[in-house]
Amino acid sequence: MPSPIDTRQINKDGAPIVRIQHGMKRFLFAEMESRTFLDCLGESESPSVIRVVPLLRVFTIAQSRFIAVGNVRIVVSGVQQVAFEVFLDGIWKEETARDNFFPLNRESPAGVDELDRSTSALEGLLVESASAQSNNSVTSNEFHVAFVSKGVAEDSRNAITEVREIRYGLELHLAETSAKSSVEGSQRSIVSALLQLGIILGRGADNAREAVREGLWVFLTDSSAYHSYRVLQDPGIINNAVPATEFSRTWMKLHDAAIRQCTELRGQLDAECISVHALLAAAAAVSSSREADAQTNFNTLAAVASFGLGIPALVLALYGADRLLPLDTLPRQFAFLPVAAGLVFAAILAVMRSPTGKRRRVWLLGAGVALIASLALLIVAGMILPGA
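Rules used in this analysis
- Residues numbered from 1 in each chain as written.
- Predicted model: local features only at pLDDT ≥ 70, side-chain atom pairs only at ≥ 80, totals over all residues.
- Heavy atoms only, no water.
- pLDDT = per-residue confidence, 0-100.
- Contact = heavy atoms within 4.5 Å.
- Helix = DSSP H or I, 4+ residues; strand = E, 2+ residues; numbered from the N terminus.
- Buried < 20%, exposed > 50% of the residue type's maximum accessible area, 1.4 Å probe, protein only.
- Pairing = 2+ DSSP bridges.
- Phe/Tyr/Trp six-rings, centres within 6.5 Å; stacked < 30°, edge-to-face > 60°.
- Salt bridge = Lys/Arg side-chain N within 4 Å of Asp/Glu carboxyl O.
- Expected span 1.5 Å × (residues − 1).
- Polar contact = N/O pair within 3.5 Å; in protein donor to acceptor, adjacent residues only side chain to side chain.
- Core = buried A, V, L, I, M, F, W, Y, C linked by side-chain atoms within 4.5 Å.

Put simply, the chain has an average pLDDT of 78, and 64% of its residues get 70 or more. Note that residues 1–12 has pLDDT below 50 and, in this model, 35 contacts with residues that lie over four places away or in other chains.

Below, the structure written as structure tokens:
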């Protein structure tokens, strides 16, 4: 069997072999069946027992969080001889910004380095997990593969707690930015993070759903146990198999536990997907509300500006500019008061209708500058304009 692309292997002091391949994997029956005729090393020395379980891991490297999603093909060709063949759908790294993740790729040198680091860390986690699952009471390859499958599936289900904390962080961040009225409260990064988290959750749920549907591929080496367990899950299935019990196989309870872990993983991932979609809807609602507020503020500013410019223009049109200017006599200066009053009243309206938050200072500064500049321009023009 050819080695997968981007393969890494650990085989020190009897530790499990770990091979990692990047890229989505669709398991086909012919390929899976041919794999059972090979041992852990991929050689034709002895047949193997195979299971496929979903993989979900959240781990930290140098204070940066990573999320790995994919499938693990567990290959056992002898008691205490295990190989993990990992097929990753993707690895996501936390950005500098809080709770914002982006997928790693090989398009840049930095991406290659990050992939190497995260892949090595994931290898270590799997080896550590397998070491913790060592059991001296293992009596057969089938029992061993069921034991390891249950442990890997349980670790994946436990990772949901950390994924949920990430979602809580995004939810809190969304609430904080929604309360801000300044431009700094932009939610584009949050929406991007939620979309990436939705991809992670969706991939994980698909893998868990497929694992449950295939019964962890137990039928490759024991079709009778597969059909018996299906009857146990759904008594309405029409076949001649007897419902599985703890006495059907020595490893049946462990197999049942692994299936239940995958089922629970799928249910929790689906629930998290619903929560993420609800957050996306909330972010869209907040964005629409902000756009409406911005449009309202713009309309108010336009109305105030029209009022401030319209009143002076109306007064000048009624009196005639040649009768008011230049402002070299006291009666003309008094006649100019309605023009100045219109500008002052427009400035007062701008202050009263100014938004809250940091933008209020910008709004008030702009209103003050416009008022002073307009009055100064009119007065200076009126003082220096020659008489008709």
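So that's the structure; there's more coming.
Turning our eyes to something else, we now look at unusual backbone geometry. Phi is positive for Gln63, close to 65 degrees, though the residue is something other than glycine. Mapped onto the elements, Gln63 comes out in the loop between strand 2 (49–61) and strand 3 (64–78). Judged by relative accessible area, which is 78%, Gln63 ranks as exposed. For Trp217, which is not a glycine, the phi torsion comes out positive at approximately 65 degrees. Checked against the element boundaries, Trp217 lands in the loop between helix 5 (188–213) and helix 6 (223–233). Overall, Trp217 belongs to the buried group, its relative accessible area being 5%.

So, on to the pairing of strand 2. In terms of burial, strand 2 is a largely internal element, 12 of the 13 residues being buried. Between strand 2 and strand 3, which follow one another and run antiparallel, lie two residues, and Ala62 among them has a positive phi close to 50 degrees.

A separate point is the packing of aromatic side chains. Counted under the stated rule, the structure contains five aromatic pairs. Summarising the aromatic geometry, the rings of Phe27 and Phe87 are spaced 5.5 Å apart at their centres and angled 85 degrees between planes, so their arrangement reads as edge-to-face. Note that Phe27 is positioned in the loop between strand 1 (17–22) and helix 1 (29–35) and Phe87 in strand 4 (residues 81–94), a separation of 60 residues in sequence. According to the relative accessible area criterion, Phe27 is buried, its value standing at 12%. With 6.2 Å between their ring centres and 15 degrees between their planes, Phe29 and Phe219 make a pair best called stacked.

So, about the pattern of salt bridges. This model, assessed by the stated rule, comprises 19 salt bridges. The closest approach of N and O atoms between Asp155 and Arg57, which form a salt bridge, is 3.8 Å. Of this pair, Asp155 sits in helix 3 (residues 141–158) while Arg57 sits in strand 2, and the two are 98 residues apart along the sequence. Across the salt bridge formed by Glu85 and Arg73, the nearest N and O atoms sit 2.8 Å from each other. Separated by 12 residues along the polypeptide, Glu85 in strand 4 and Arg73 in strand 3 bring together distant segments of the chain. Judged by its relative accessible area of 5%, Glu85 is buried. For Arg73, a relative accessible area of 1% translates into the label buried. Connected through shared salt-bridge partners, Arg19, Glu31, Arg35, Arg73 and Glu85 make up one network.

Before going further, it helps to spend a moment on helix 3. The end-to-end C-alpha separation of helix 3 is 26 Å, in line with the 26 Å expected for 18 residues at 1.5 Å each. Among the residues of helix 3, those classed as buried are Asn141, Phe143, His144, Val145, Ala146, Phe147, Val148, Ser149, Gly151, Val152, Ala153 and Ser156.

Let us now look at the environment of Arg35. Summarising the element assignment, Arg35 is placed in helix 1. Measuring from C-alpha to C-alpha, the distance between Arg35 and Ser48 comes to 7.6 Å, with 13 residues separating the pair along the chain. At a separation of 2.7 Å, a polar atom in the side chain of Arg35 contacts the side chain of Glu85.

Moving on, we come to the nonpolar core. Val72, Ile74, Phe84, Val86 and Leu88 are the most contacted members of the largest nonpolar core, which totals 57 residues. Those residues within four positions of Val72 in sequence are excluded, and the remaining contacts are Arg51, Val52, Val53, Leu55, Phe84, Glu85, Val86 and Val152. In this structure, Leu56, Ile67, Ala159 and Ala193 belong to the second largest nonpolar core, which totals 26 residues.

Note that Ser118 resides in helix 2 (residues 109–132). A polar atom in the side chain of Ser118 sits 3.0 Å from the backbone oxygen of Leu115. In contact with Ser118, other than residues within four places in its own chain, are Phe59, Ile61, Phe66, Ile91 and Leu104.

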